[in-house]
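Letter by letter, the chains look like this.
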Amino acid sequence: MKFTVSSSALLSLLATTGKVINSKNTLPILDYFLMELKDGELKVTTSDLETTLVGTLKVDNVEKEGTVAAPAKLMLDVLKECSEMPLTLEVNEDNWEICIAWNSGQSSVPGANPVSYPQTHELSEDKTSVSLDVDVLVNGINKTIFATADDELRPVMNGVYFNFEAGKITFVATDAHKLVRSVAECPDVDFNASFILPKKPANLLKGVLLKEEEPVKVTFDAKNVIFDLKNLKLVCRLIEGNYPNYNAVIPAANPNKVLVDRVGLVNGIKRVAVCSNPTTNLIRMDIAGNKISLAAQDIDFSVSANETISCSYDGQPVTIGFKSTFLVEILSNIDSATVMIELADSTRAGVFKPVYDDKHAHEVLMLLMPMMINA
């Protein structure tokens, strides 16, 4: 195996695919890049057995094709010190030594036999394909991923739920305290299906999609999903199980509606939350007239804080308690200047919606369960 490649192009490819590699792997070979050279194209594969990312790069001056397993950390460390320059990589297939040469020197890296590298998951014949707009995918994952759980007992809540229905796609995430639902119009969807994408590949996808412009082909069966991008392919095992009935927990009738400046509310909550109980992070909201009164206290240390924020309110006076950290998280993940908070009473979930001046492609709803306020 021998070829010439741009150092920055190779570093970019290895850095992107290397994000799949775990710090501790069950198999030593998973600490390596699988590098395959064929038809003038270098294919780099990384895997953690659950998620596989494959990237491709056109290379120059191919003298000999071949395959090698290259140590990920060493390769990245060497390439990071190379400014933009042509590199020649040559593999000795007798001992798997990788020689990286540039105009004024060279480096030798110990490779490994690629034969033991795990195979990529294949989809069954009973699979579904759809082409999704990059913005739909990015927005759907961005809006929901922060609300996913880390729950070993309920693994279905540890990922983002994709639900396809005629003409639309719904992204959902919940950890039983907060819930986010993002709905986007999608004319290409003419079927009903769903899957749960684990948190790690969802984060990977969110990162690599930022450089994409073309629609992404999504193909999935009951166990795996493949995202085909321009120069990358992400293959991952899905979370198996039935996702909770999220529509059942969203209150249908919320007579009390608050319109408030989002940034002003977030800053007020942060100031008052400094004096909240560090265990519960409880913050109390008294909403009446056109004012939101925020209050928090920690009896153990005799500290308290309160602040009043102007709002536009339509409804009966309401007193409700929320965990301030969750409240800030939800409001920080809404991108509009104004937010609408819909409330029924102190025992039912609060519904948070962005308020836009014009029609928006995504319909976002965020829900937060209240906390008990000790009298």
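Residues numbered from 1 in each chain as written. Predicted model: local features only at pLDDT ≥ 70, side-chain atom pairs only at ≥ 80, totals over all residues. Heavy atoms only, no water.

Asks: It is not clear to me how the overall build of the protein should be interpreted in this structure. Could you clarify?
Replies: If you tally the helices and strands in the protein, you get six helices and 26 strands. Taking the principal axes of the C-alpha coordinates as reference, the protein spans close to 80 × 50 × 40 Å. Out of the 375 residues in the protein, the part that is buried amounts to 51%. Put simply, 67% of the contacts in the protein that link residues at least 6 apart link residues at least 24 apart. (Helix = DSSP H or I, 4+ residues; strand = E, 2+ residues; numbered from the N terminus. Buried < 20%, exposed > 50% of the residue type's maximum accessible area, 1.4 Å probe, protein only. Contact = heavy atoms within 4.5 Å.)

Asks: Sorry if this is basic, but what is going on with the side chain of T148 here?
Replies: Looking at the secondary structure, you find T148 in the loop between α3 (134–144) and β11 (159–165). Judged by its relative accessible area of 7%, T148 is buried. A polar contact is formed between the side chain of T148 and the backbone oxygen of I145, at a distance of 2.7 Å. (Polar contact = N/O pair within 3.5 Å; in protein donor to acceptor, adjacent residues only side chain to side chain.)

Asks: For this particular structure, what's the right way to read the pairing of strand β25 (residues 350–355)?
Replies: When a strand is regular, its side chains alternate between the sheet's two faces. For strand β24 (residues 338–343) and β25, the ladder comprises five bridges, and the chain directions are antiparallel. Looking across to β25, one finds that T338 is bridged to V355. What sits between β25 and strand β26 (residues 362–368) in their antiparallel hairpin is a turn of six residues. (Pairing = 2+ DSSP bridges.)

Asks: How should the state of the cysteines be read in this particular structure?
Replies: A covalent bond between the sulfur atoms of two cysteines is referred to as a disulfide. In the structure shown here, the tally under the stated rule is zero disulfides. Cysteine C82 is unpaired, with the sulfur of C99 as its nearest cysteine sulfur at 12 Å. A relative accessible area of 13% places C82 in the buried class. (Disulfide = S-S within 2.5 Å.)

Asks: What exactly am I supposed to notice about the sheet that holds strand β13 (residues 178–185) here?
Replies: Neighbouring strands of a sheet are bound in pairs by backbone hydrogen bonds; such pairs are parallel or else antiparallel. One open sheet holds the nine strands; their spatial order is β14-β11-β12-β13-β26-β25-β24-β18-β22, and the pairing between them is antiparallel. At either end of the open sheet lies a strand with only one pairing partner, and these are β14 (193–198) and β22 (312–314). With direction set aside, neighbouring strand axes in the sheet form an average angle of 20°. Helix α5 (residues 262–273) contacts β18 (256–261) and β24 of the sheet and is inclined by roughly 90° relative to β18. (Axes fitted to C-alpha atoms, helices over the stretch in contact; angles between N-to-C directions.)

Asks: Is there a simple way to explain the environment of L123 in this structure?
Replies: Within the secondary structure, L123 is located in the loop between β9 (105–110) and β10 (128–132). Here the alpha-carbon distance between L123 and L229, two residues 106 residues apart in the chain, equals 17 Å. If sequence neighbours within four positions are ignored, L123 has contacts with T219, F220, D221, N224, V225 and I226.

Asks: What's the story with the packing of helix α1 (residues 7–17) against helix α2 (residues 72–80) in this structure? I'm lost.
Replies: The packing of two helices is summarised by the inter-axis angle and the distance between the axes. Their axes nearest at 10 Å, the elements α1 and α2 cross at an angle of 145°. As α1 packs across α2, the resulting crossing turns out to be left-handed. Here S7, L10, L11, L14 and A15 of α1 come into contact with α2, specifically with M75, L76, L79 and K80. Considering only residue class, the contact of α1 with α2 consists of seven nonpolar, one polar and one charged. (Left-handed = near helix turned anticlockwise from the far one by under 90°. Nonpolar A, V, L, I, M, F, W, Y, C, P; charged D, E, K, R; others polar.)

Asks: When you look at the packing of α3 against helix α4 (residues 199–209) in this model, what are you seeing that I'm missing?
Replies: Contact geometry of α3 with α4 gives a least axis separation of 10 Å together with a crossing angle of 135°. Relative to α4, the element α3 lies oblique. Classified by chirality, the crossing of α4 by α3 is left-handed. Contact residues: V134, L137, V138, I141 and N142 in α3; A202, L205, K206 and L209 in α4. By residue class, the composition of the contact of α3 with α4 is seven nonpolar, one polar and one charged. (Parallel < 35°, antiparallel > 145°, perpendicular 65-115°, else oblique.)

Asks: Where do I start with the packing of aromatic side chains in this structure?
Replies: Aromatic ring pairs are described here by two measures, namely the spacing of the ring centres and the angle between the planes. Taken as a whole and assessed by the stated rule, the structure comprises nine aromatic pairs. Ring geometry for F164 versus F220: centroids 5.5 Å apart, planes at 15°, classification stacked. Of the two residues, F164 sits in strand β11 while F220 sits in strand β15 (residues 216–220), which places them 56 residues apart along the sequence. The pair F164 / F220 is uniform in exposure class, with both members buried. Arranged with centres 4.8 Å apart and planes meeting at 55°, the rings of F195 and F220 form a pair that is tilted. With F195 in strand β14 and F220 in strand β15, this residue pair connects regions lying 25 residues apart in the sequence. Overall, the relative accessible area of 4% leaves F195 in the buried class. These aromatic residues form a ring-pair network of at least three members: F162, F164, F171, F191, F195 and F220. Taking NZ or CZ as reference, K323 lies 5.7 Å from the ring centre of F326, over its face. (Phe/Tyr/Trp six-rings, centres within 6.5 Å; stacked < 30°, edge-to-face > 60°. Lys NZ or Arg CZ within 6 Å of the ring centre and 35° of its normal.)

Asks: Help me out: how do you make sense of the side chain of N163 in this one?
Replies: Examined against the element boundaries, N163 turns out to sit in strand β11. For N163, a relative accessible area of 12% gives the class buried. In contact with N163, not counting residues within four places along its chain, are K168, I169, T170, A193, S194 and Y246.

Asks: Would you mind going over the pattern of salt bridges with me for this structure?
Replies: Two side chains carrying opposite charge are able to pair once their charged atoms lie near each other. All chains considered together, the criterion is met by 18 salt bridges. Across the pair K58 and E41 runs a salt bridge, and its minimum N-O distance is 3.9 Å. Highlighted residues: K58 in strand β4 (residues 51–58) and E41 in strand β3 (residues 41–47), separated in sequence by 17 residues. For E41, a relative accessible area of 29% translates into the label partly exposed. Linking K168 and E165 is a salt bridge whose minimum nitrogen-to-oxygen distance equals 3.8 Å. A relative accessible area of 29% places E165 in the partly exposed class. Among the charged side chains, a network of salt bridges with common partners joins K2, E63 and E90. (Salt bridge = Lys/Arg side-chain N within 4 Å of Asp/Glu carboxyl O.)

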